[in-house]
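# Observations on the model geometry
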Amino acid sequence: MAETTQGTGTRAGFVALIGEPNAGKSTLLNRMVGAKVSIVTHKVQTTRARIRGIAMEGRAQIVFVDTPGLFRPRRRLDRAMVAAAWGGAADADIVVLLIEAHRGLTEGVRAILEALGGKLPEKTRVALAINKIDRVKAEALLALAQEMNAAHPFEKTFMISAERGHGVEDLKRWLAAELPEGPWFYPEDQIADLPLRMIAAEITREKLTLRLHEELPYQLTVESEHWQERDDGSARIDQVIYVMRDGHKGIVLGKGGETIKAVGREARAEIADFLGRPVHLFLQVKVRENWQEERERYSGMGLEFRDGD
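Now for a quick tour of the structure. (Residues numbered from 1 in each chain as written. Predicted model: local features only at pLDDT ≥ 70, side-chain atom pairs only at ≥ 80, totals over all residues. Heavy atoms only, no water.)

## Topic: the packing of helix α1 (residues 25-33) against helix α5 (residues 168-178)
Test applied: An axis is simply a line fitted to the C-alpha atoms; with a helix, the fit covers only the stretch in contact. Between two such axes, the angle follows the N-to-C directions and lies from 0 to 180 degrees. Runs of E in the DSSP output that reach at least two residues are strands. Runs of H or I that reach at least four are helices, and both are numbered from the N terminus. Orientation is classified from the angle alone, with under 35 degrees giving roughly parallel, over 145 giving roughly antiparallel, 65 to 115 giving roughly perpendicular, and any other angle giving oblique. By definition, residues are in contact when any of their heavy atoms lie within 4.5 Å.
Between α1 and α5, the shortest axis-to-axis distance is 11 Å and the interhelical angle comes to 75 degrees. Comparing the axis directions of α1 and α5 gives the class roughly perpendicular. Residues Leu-28, Arg-31 and Met-32 of α1 form the contact with α5, whose own contacting residues are Val-168, Leu-171, Lys-172 and Leu-175.

## Points about the nonpolar core
We apply this condition: Residues belong to one nonpolar core when they are buried, are Ala, Val, Leu, Ile, Met, Phe, Trp, Tyr or Cys, and are joined through side-chain atoms within 4.5 Å. Here the term buried applies to any residue with accessible area under 20% of the maximum for its type, exposed to any over 50%, and partly exposed to those in between, with areas from a 1.4 Å probe on protein chains only.
Core analysis: the biggest nonpolar cluster contains 26 residues, and Leu-97, Ile-99, Leu-113, Leu-128, Ile-130, Met-148 and Phe-154 have the highest contact counts within it. The contact partners of Leu-97, leaving out residues within four places of it in the chain, are Ile-18, Gly-19, Ile-112, Leu-113, Ala-127, Leu-128, Ala-129, Met-148 and Phe-154. With 24 residues, the next largest nonpolar core counts Leu-29, Ala-60, Ile-160 and Val-168 among its residues.

## A word on the environment of His-280
Turning to its location among the elements, His-280 is positioned in strand β9 (residues 279-287). As for His-280 and Ala-269, which are separated by 11 residues in sequence, their C-alpha atoms are 9.6 Å apart. Residues in contact with His-280, not counting those within four places in the same chain, are Arg-230, Ser-234, Ala-235, Arg-236, Ile-237 and Arg-268.

See the structure below:
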């Protein structure tokens, strides 16, 4: 990516958000950037690729790497997601560990703390953000902050609510001030470096995830197969929803096609809002039993196809 802004007094750098699944990383990313660039659901493990959201704070450009949640991997897709998370953190100038205030120092958080030394380069700067502070009392928050800082020497601790915005500006200002001096990496008005095809596919996958609840948690993926820019300024997008079994296809379609029609309406509206122009969205469902074992599906999600643990 070409450097776009020289000038004095500018700062730019990469900030990785890490934590357990569902800790609020995507919500925090979207709050920082001021636009929706990362899929947000109440399910865990919904962020698959390292999504970069770009935020401006004064003369600083903060490039956020929103990583998949860190958890104990079981399948190939799990291993690829965890590898992407640690890879994003290792490449960052500053790492922010996000934990949930009401869950505290869980086994998963302990495992992340133990891995920090081995997975990240020496002298990596790590800050702590305790999220969802509205769920616990002040005394419990202070006790958790002390416990976490005893377990790892964090540079700074922030108390935030990513959903409500409390404390987020303080975190953003601190990150901006701590990034290296240098030119910006991206144009000032750019908010993400994911291809539009992938962002559009993520939006559709989010709508499917929210509507299908527990029926198909991680057994589908969405790809933007064709993208046509039309003369009238609109875009035609053809997407394929891959599922693993014939029975899953029926669930996605719904009775009389009701489910996929509703998903299409919701996804089209959000994609059009994101692009700022009309969108014609066409969805198709295909059965692909072993999509989680196909190398090309991983490259489409920005993940590395991994053979072993």
